[in-house]
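Survey of secondary and tertiary structure
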Amino acid sequence: MGREATLGGQLEDEEYWLSLLRHTPLGILTELDGTLLPFASTPDAARPTPDLQRLVNDLADLPGVGLAIVSGRPRETLDAYFPRPHNAMLVAEHGAWRTKGEEWESQLSLDERAINSLLSELRSLLSKHAGAALERKTWSIAFHYRMVPTYMKSGLLVQIASIVDPWLEAHPDFEKIPGAEVVEIRPSVAHKANAVAWMREVLGAESRLLLVGDDTTDEDMFAAASDVDASVIVAPEPGRVTAAHFRLGSADEVQAFYRGIVALRREKSRSLEVVPSRIVPAVAAIAPTYRLLILSNRLPELRSADASIAARKQNVGGLVSALEPVIADRSGIWLGWSGRTTAGPKPSELALDVVHGLPLASVDFPQEWHRHYYNGFCNSALWPLFHSFPGRVSLARLDWEAYRSANAKFASLATAVVGREATVWAHDYHLLLLGHFLRGLGHAARIGFFQHIPFPGPDIFFLLPWAEEILQAMAAYDLVGFHTRGYLDNFLRCMATVAGVRVEGDQIVHGERKVRTGVFPLGIIPDQFQDAGDGDASDDIVGLFNTDGHGRLVLGVDRLDYTKGIPERLDAFGRLLALFPEWRRNVSLVQVSVPSRADVPEYIEQRSRVENIVGRINGEFGDADWVPIRYLYRSYGRVQLSQLYRAADVGYVTPLRDGMNLVAKEYVAAQDPQKPGVLLLSRFAGAAEELGDAILTNPWYPEGVARDLDRALRMPEPERKQRFTNLLAVISKTTALTWAQDFLAALEG
Ligand code: ADQ
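Residues numbered from 1 in each chain as written. Predicted model: local features only at pLDDT ≥ 70, side-chain atom pairs only at ≥ 80, totals over all residues. Heavy atoms only, no water.

Focus on the overall build of the protein chain
What the protein chain contains, in helices and strands, is 26 helices and 29 strands. Across the 749 residues that make up the protein chain, the buried fraction comes to 55%. Within the protein chain, counting contacts between residues at least 6 apart in sequence, those at least 24 apart form 72% of the total. Only carbon and sulfur atoms are counted for the fraction: they give 52% of the accessible area of the protein chain, which is about 30,000 Å². (Helix = DSSP H or I, 4+ residues; strand = E, 2+ residues; numbered from the N terminus. Buried < 20%, exposed > 50% of the residue type's maximum accessible area, 1.4 Å probe, protein only. Contact = heavy atoms within 4.5 Å. Areas by Shrake-Rupley, 256 points an atom, 1.4 Å probe, with all protein chains shown as cover.)

This is the structure:
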């Protein structure tokens, strides 16, 4: 989508281009990889053809034209790709080096050895990640991971961050630039805006510039453009957030455009076959068209550079599968954070996009928000508090203020995306105040809110200094939904203490307003785990479950987060082996954890705790051919996950506290009805309210969990089948789809 149109019509744009491209002096600054050269699987595989080298020479030879090739590549590569003689200026390492005549020169006076310590730390990651590559430049390092298998990428990124982030703290002259499947660490003064200044220095103040690039580092160049210059982003689809005013779709289009410039300036042609299209701010044009707005802090990750559409669809979470149909039915759109940050103090303009038919509106956060709103108030105050971990809560006024202003900003973005008559559905604890700010902007139609994590009782909730303000603001919603009756009761008890609020049954009355509430347990789409679990297990999974005849398997699958109780779970497994020696050599635990990238320091703490426990238990009980615990730090696609679930005798799901926990439901769905496994479930997961036929356990008491685990492992087949039948009936009744439909029907009813 991205409602890209030609302002003033095609003709006026063509005149604009003809007048710019005929101007003398004209400076052309063009990026290399992804702009002039199509991407290849490795940096070495992307090389200019002789035709391209000729095109570059032709452009650089045009009278009245200056050409610069601006790249993140090292000098040697550019020298090899564009052998002299030619008249082009080469700019290497993002603006750290430029050619002046035959010579390279630099304005940087940093010590080249500064980056060596980082280089040797990052090297340690190469051996464990096939396909990863490190590129050393004079002052910078690029870590390429395009060829790393998809399942390893998120784990690798966390490990890169855990090395790079502390290093950057100690080296404030450097910065980290995430690119297309590459992370680069470079001196902060070495940016591509330098090339713009150099070109103006060469051509003089009368010059007009054409700036063409495709990645985030090129935005520095675009930002340095003046009003008489033209900047062009190279992107296959519209909707990218950019400071550029025009777009071309590919490196091929760029080359065709440049050939047109050569023909025009040599007067071999009077027109241009390829002209960049103008990017028009999309928002004003689309406001009235959408009738449903879904808002969540983070947009779902639907893009992946190397997966097929089918694979991507299969890997997205249940929430996307649940919301996709209602978005399609009601002509809806989903608004949220893009996952990227901007350098300035303000969020970016909205970017609009359609990914596999799903309309998405996204915004980049300023770094300050990321620190105070997201990592601060959301992750360090609300997340631990709502999960009843008051000891982990950190309260700061600055964080709260950022939370308020982020919610206010989300509300104003919402009004740019939909009209006042659209239904709005906000998701989760990041957006508690959204309804309040949206009402303030005159939104007339229904606004609903669903809380995906627990809601605590007043004894915990009122530890927040801003508790009352939050509850007052929540009275602006028409419907507030929770996974369980318990959370709803907690919410009503909190609301009952607020001045001016009356609680009548499940309804909240606040002045003229009535807020309805309800229990809407989120489910999964069971078929997705049943179909995927059928058929033979992949080699990967067979290898994992090859226990050399050592019997039974217990499986844990989680995001790595302290609420999931992973160390406690491992301890309880160790306790099982101590209390019931007959299980030694007869049972193994496989624990699969997927990193959640946002919480890097917390991840490091959790990871080392977990590794210590695994080492201790394996050392104490394991022997030459039996490893009691296998700990896998990676994510799996849905097919493999279903095969894992199906192969496990016990689904070991013991969060210390969890809003719902979909893993429990996925485990049930994937079982073979003829020989189902047993679900061992924490009583502090929201899912326990529905899944009473699981063995419910208390994850805070390791000995109790060990005994429940023993019971699960011994459960006779008739009982397993009976419990499974009952559990399957529950998860088939309230699915992801019924959840979305029920909530929206209640909201709009
Ligand atoms: P989460 O805390 O993320 O969600 P959960 O409901 O368990 O928790 O969902 C996790 C999802 O990630 C599952 O679909 C699971 O299959 C997947 N996953 C976990 N580990 C994986 C791995 N190693 N590889 C591949 N996939 C993996 C929040 C709340 C929950 C609530 C949901 C939905 O914290 O309590 O259930 O929202 O409302």
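There is more to say after this.
Points about the site of the ligand
Surveying the vicinity of the ligand reveals 22 residues, the closest of which are His-452, Tyr-636, Asp-658, Met-660 and Glu-666. Here a nitrogen atom of the ligand and a backbone polar atom of Tyr-636 are 2.8 Å apart. Here the ligand, which alone exposes 720 Å², has 83% of that area covered by the protein. Elements supplying a minimum of two residues to the shell around the ligand: strand S24 (552–559), strand S25 (587–594), helix H22 (638–647) and helix H23 (662–670). In the shell around the ligand, the residues fall into eleven nonpolar, five polar and six charged. (Near = heavy atom within 4 Å. Polar contact = N/O pair within 3.5 Å; in protein donor to acceptor, adjacent residues only side chain to side chain. Nonpolar A, V, L, I, M, F, W, Y, C, P; charged D, E, K, R; others polar.)

As for the pattern of salt bridges
Summed over the entire model, instances satisfying the criterion amount to 39 salt bridges. Of the charged contacts in the structure, one is a salt bridge between Asp-51 and Arg-54, with a shortest N-O distance of 2.6 Å. Taken as a pair, Asp-51 and Arg-54 lie in helix H2 (residues 50–61) at a separation of three residues, close to a single helical turn. Since its relative accessible area comes to 52%, Asp-51 is described here as exposed. Relative accessible area serves as the criterion here: at 48%, Arg-54 is assigned to the partly exposed category. One salt bridge in this structure joins Asp-58 and Arg-266, with 3.5 Å as the shortest N-O distance. With a gap of 208 residues between them, Asp-58 in helix H2 and Arg-266 in the loop between helix H8 (251–265) and strand S13 (277–278) connect regions that are remote in the sequence. Given a relative accessible area of 41%, Arg-266 falls into the partly exposed group. (Salt bridge = Lys/Arg side-chain N within 4 Å of Asp/Glu carboxyl O.)

Topic: the sheet that holds strand S16 (residues 351–355)
Taken in spatial order, the ten strands make up an open sheet running S16-S17-S15-S14-S18-S19-S20-S23-S22-S21, and their pairing is mixed. Edge strands, defined here as strands with exactly one partner in the open sheet, are S16 and strand S21 (501–504). Neighbour to neighbour, the strand axes of the sheet diverge by 25° on average, direction disregarded. The strands that helix H17 (residues 485–496) touches are strand S20 (479–482), S21, strand S22 (507–510) and strand S23 (513–519); relative to S23, the one it contacts most, it runs at about 155°. (Pairing = 2+ DSSP bridges. Axes fitted to C-alpha atoms, helices over the stretch in contact; angles between N-to-C directions.)

Quick notes on the sheet that holds strand S3 (residues 89–92)
Spatially, nine strands are ordered S5-S4-S3-S2-S1-S10-S11-S12-S13 in an open sheet, and the strand pairing comes out mixed. At either end of the open sheet lies a strand with only one pairing partner, and these are strand S5 (103–105) and S13. Relative to strand S4 (residues 97–100), S3 is paired through two bridges, and the arrangement is antiparallel. For Ala-92, the partnering residue across the bridge sits in S4 and is Trp-97. Running at roughly 140° to strand S2 (residues 65–70), H2 makes contact with strand S1 (26–31) and S2 of the sheet. Strands S1, S2, strand S10 (208–213), strand S11 (230–234) and strand S12 (246–248) of the sheet are contacted by H8, whose axis makes an angle of about 155° with S10.

Considering the side chain of Thr-423
With respect to the element layout, Thr-423 can be found in strand S18 (residues 423–427). Only 2.8 Å separates the side chain of Thr-423 from the side chain of Glu-748, close enough to count as a polar contact. Among all residues touching Thr-423, those that are not within four sequence positions of it are Arg-291, Leu-292, Leu-293, Arg-446, Leu-744, Leu-747 and Glu-748.

Here we look at the nonpolar core
Counting residues in each nonpolar core, the largest one holds 71 residues, and the members touching the most others are Leu-295, Tyr-373 and Leu-434. Counting residues per element, this core draws most heavily on helix H12 (residues 367–386), at ten residues. Excluding residues within four positions of it along the chain, Tyr-373 makes contact with Asn-297, Phe-365, Glu-368, Cys-378, Ala-402, Tyr-403, Ala-406, Asn-407, Phe-410, His-430 and Leu-431. Counting residues in hydrophobic clusters, the runner-up holds 45 residues, among them Leu-26, Tyr-81, Ala-88 and Leu-210. (Core = buried A, V, L, I, M, F, W, Y, C linked by side-chain atoms within 4.5 Å.)

Considering the packing of aromatic side chains
What the rule picks out here adds up to 37 aromatic pairs. Where Tyr-16 meets Trp-17, the ring centres are 5.3 Å apart and the plane angle is 80°; that geometry is what we call edge-to-face. Relative to Trp-739, the ring of Trp-425 lies with its centre 5.1 Å away and its plane at 45°, an arrangement referred to as tilted. Here Trp-425, found in strand S18, pairs with Trp-739, found in helix H26 (residues 736–748); they are 314 residues apart in sequence, far enough to count as distant. Relative accessible area serves as the criterion here: at 2%, Trp-739 is assigned to the buried category. Members of the aromatic cluster, each reached through a chain of ring pairs, are Trp-337, Phe-365, Trp-369, Tyr-373, Tyr-374, Phe-377, Trp-400, Tyr-403, Phe-410 and Trp-466. Above the plane of the ring of Tyr-16 lies Arg-278, whose end atom (NZ or CZ) is 5.6 Å from the centre. The ring of Trp-337 carries Arg-298 above its face, with NZ or CZ at 5.2 Å from the centroid. (Phe/Tyr/Trp six-rings, centres within 6.5 Å; stacked < 30°, edge-to-face > 60°. Lys NZ or Arg CZ within 6 Å of the ring centre and 35° of its normal.)

A short note on the pairing of S18
Most of S18 is tucked away: five of the five residues are buried. Burial of S18 is two-sided: the residues Thr-423, Trp-425 and His-427 facing one way and the residues Val-424 and Ala-426 facing the other way are all buried. Where strand S14 (residues 292–298) lies against S18, five bridges are found, and the strand directions are parallel. Counted as the bridge partner of Leu-295 is Ala-426 from S18. Two strands pair when backbone bridges link them, and S18 and strand S19 (residues 447–450) are joined in this way by four bridges, in the parallel orientation. Each residue of the ladder has a partner; that of His-427, found in S19, is Phe-450. Regarding the hand of the β-α-β motif, the stretch spanning S18, helix H14 (residues 434–440) and S19 is right-handed. (Right-handed = clockwise from strand over helix to strand, strands pointing away.)

Overview of the packing of H23 against helix H25 (residues 717–733)
Two elements in contact, H23 and H25, have axes separated by 9 Å at closest approach and are oriented at 120°. Considered as vectors, H23 and H25 are oriented oblique to each other. For the element pair H23 and H25, the recorded crossing hand is left-handed. For the pair H23 and H25, contact is made by Lys-665, Val-668 and Ala-669 and by Phe-724, Leu-727, Leu-728 and Ile-731, respectively. Taken together, the residues of the contact of H23 with H25 sort by class into six nonpolar, no polar and one charged. (Parallel < 35°, antiparallel > 145°, perpendicular 65-115°, else oblique. Left-handed = near helix turned anticlockwise from the far one by under 90°.)

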